[in-house]
Amino acid sequence: MATKIYIVYYSTYGHVATLAEEIKRGAASVEGVEAKLWQIPETLSGEALAKMSAPPRREDVPVISPAELVDADGVLFGFPTRFGMLPAQFKAFMDGTSDLWCEQRLAGKPAGIFCSTGCQGGGQETTALTAITQLAHHGMIFVPVGYTFGKGMFEMGEVKGGSPYGAGTIAGDGSRVPSQLELQQAFHQGKYFAGIAKKLKGSA
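All of these numbers come straight from a predicted model, not from anything done at the bench.

### Side note on the environment of Ala17
Then comes step 1: If you trace the backbone, Ala17 turns up in helix 1 (residues 15-28).
Then comes step 2: Counting along the chain gives 178 residues from Ala17 to Gly195, while the straight-line C-alpha distance between them is 22 Å.
Then comes step 3: Setting aside residues no more than four positions away along its own chain, Ala17 makes contact with Tyr9, Ser11 and Arg58.

The structure is reproduced here in structure tokens:
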């Protein structure tokens, strides 16, 4: 049976969605792996989103319910940063997983994190670090990308998101799009994570 990797994300302006697409490509490049994109439910009203000039949600990516996480062999969670932490939308989604927590339905599943921030000091590491609490309480196995991306982790000649915790991008005022280096790290994270998830499933 194929190893199922779910890339579950929230994206306000599309930066995280772009990373998610590349992570999916990376995961799907591993033989025997099926990768699928999911969005979490929005909590803001259409009026609020319009005032924020947020683009419409993608219609081609389904919205996931907490119960559907059980079907995955591994999950990569992606979200933008809000004051150095995960956004309220994602916290609300995780709060909805209490039934799964009661029965420890997610325990032992590998999980990873990727994010976007407004600037280099906006929480590329703190967002992932603080979000790990959600995984720990479920007994999930956090899989960081570490420094397996190689020399790309030490790039000093350009602005770059991402950290040992996971892939990332810097959105700036919203006009900046993920760079090639950021997309390469996202692809690498997907491939690296999928390989580990596949090994874990094979040893179960």
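Structure's up, so let's keep going.
### Overview of the UniProt feature "domain: Flavodoxin-like" (unreviewed entry) in the protein
Then comes step 1: Listed under "domain: Flavodoxin-like" (unreviewed entry) in the UniProt record, and renumbered for this structure, are residues 5-193.
Then comes step 2: Helix makes up 32% of residues 5-193 and strand 17%. Its end C-alpha atoms lie 9 Å apart.

### Quick look at the pattern of salt bridges
Then comes step 1: Applying the stated rule across the entire model yields seven salt bridges.
Then comes step 2: A salt bridge links Arg58 to Asp60; its shortest N-O distance comes to 2.7 Å.
Then comes step 3: A relative accessible area of 57% places Asp60 in the exposed class.
Then comes step 4: Put simply, Lys201 and Asp73 hold a salt bridge, and the shortest N to O gap is 3.2 Å. Of this pair, Lys201 sits in helix 6 (residues 180-203) while Asp73 is found in the loop between helix 2 (46-51) and strand 3 (74-80), placing the two residues 128 residues apart along the sequence.
Then comes step 5: If you follow the salt bridges from partner to partner, you end up with Glu21, Arg58 and Asp60 in one network.

### Points about a nonpolar patch on the surface
Then comes step 1: Taken together, Tyr13, Leu44 and Met52 make up a surface patch of nonpolar side chains, about 240 Å² in accessible area.
Then comes step 2: Inspection of the secondary structure assignment puts Leu44 in the loop between strand 2 (33-39) and helix 2.

### Side note on the nonpolar core
Then comes step 1: Grouped together as the largest cluster of nonpolar side chains are 26 residues, with contacts concentrated most on Val8, Ile64, Leu69, Val75, Phe77, Phe79 and Phe90.
Then comes step 2: Within the residue set of this core, elements represented by two or more residues are strand 1 (3-9), strand 3, helix 3 (88-95), strand 4 (110-117) and helix 5 (126-138).
Then comes step 3: Sorting elements by how many residues they give to this core places helix 5 first, with four residues.
Then comes step 4: With near-sequence residues (within four places) excluded, Ile64 lies in contact with Tyr6, Val8, Trp38, Gln39, Ile40, Pro41, Leu69 and Phe93.
Then comes step 5: Counting 23 residues, the second largest nonpolar core, distinct from the first, contains Val33, Leu76, Phe193 and Ala194.

### A closer look at the packing of aromatic side chains
Then comes step 1: With the rule as written, the count across this model stands at five aromatic pairs.
Then comes step 2: Centre to centre, the rings of Phe77 and Phe90 are 5.7 Å apart; their planes meet at 85°, and the pair counts as edge-to-face. Of the two residues, Phe77 is situated in strand 3 and Phe90 in helix 3; the sequence distance between them amounts to 13 residues.
Then comes step 3: Assessed through its relative accessible area of 1%, Phe90 is described here as buried.
Then comes step 4: Taken together, Phe77, Phe79, Phe90 and Phe93 form an aromatic cluster joined through their ring pairs.

About the cut-offs
Residues numbered from 1 in each chain as written. Predicted model: local features only at pLDDT ≥ 70, side-chain atom pairs only at ≥ 80, totals over all residues. Heavy atoms only, no water. Helix = DSSP H or I, 4+ residues; strand = E, 2+ residues; numbered from the N terminus. Contact = heavy atoms within 4.5 Å. UniProt positions renumbered as here; feature names shortened; annotations may be inferred. Salt bridge = Lys/Arg side-chain N within 4 Å of Asp/Glu carboxyl O. Buried < 20%, exposed > 50% of the residue type's maximum accessible area, 1.4 Å probe, protein only. Patch = residues over 30% accessible without salt bridge, like charges linked within 9 Å, V, L, I, M, F, W, Y side chains within 5 Å. Areas by Shrake-Rupley, 256 points an atom, 1.4 Å probe, with all protein chains shown as cover. Core = buried A, V, L, I, M, F, W, Y, C linked by side-chain atoms within 4.5 Å. Phe/Tyr/Trp six-rings, centres within 6.5 Å; stacked < 30°, edge-to-face > 60°.

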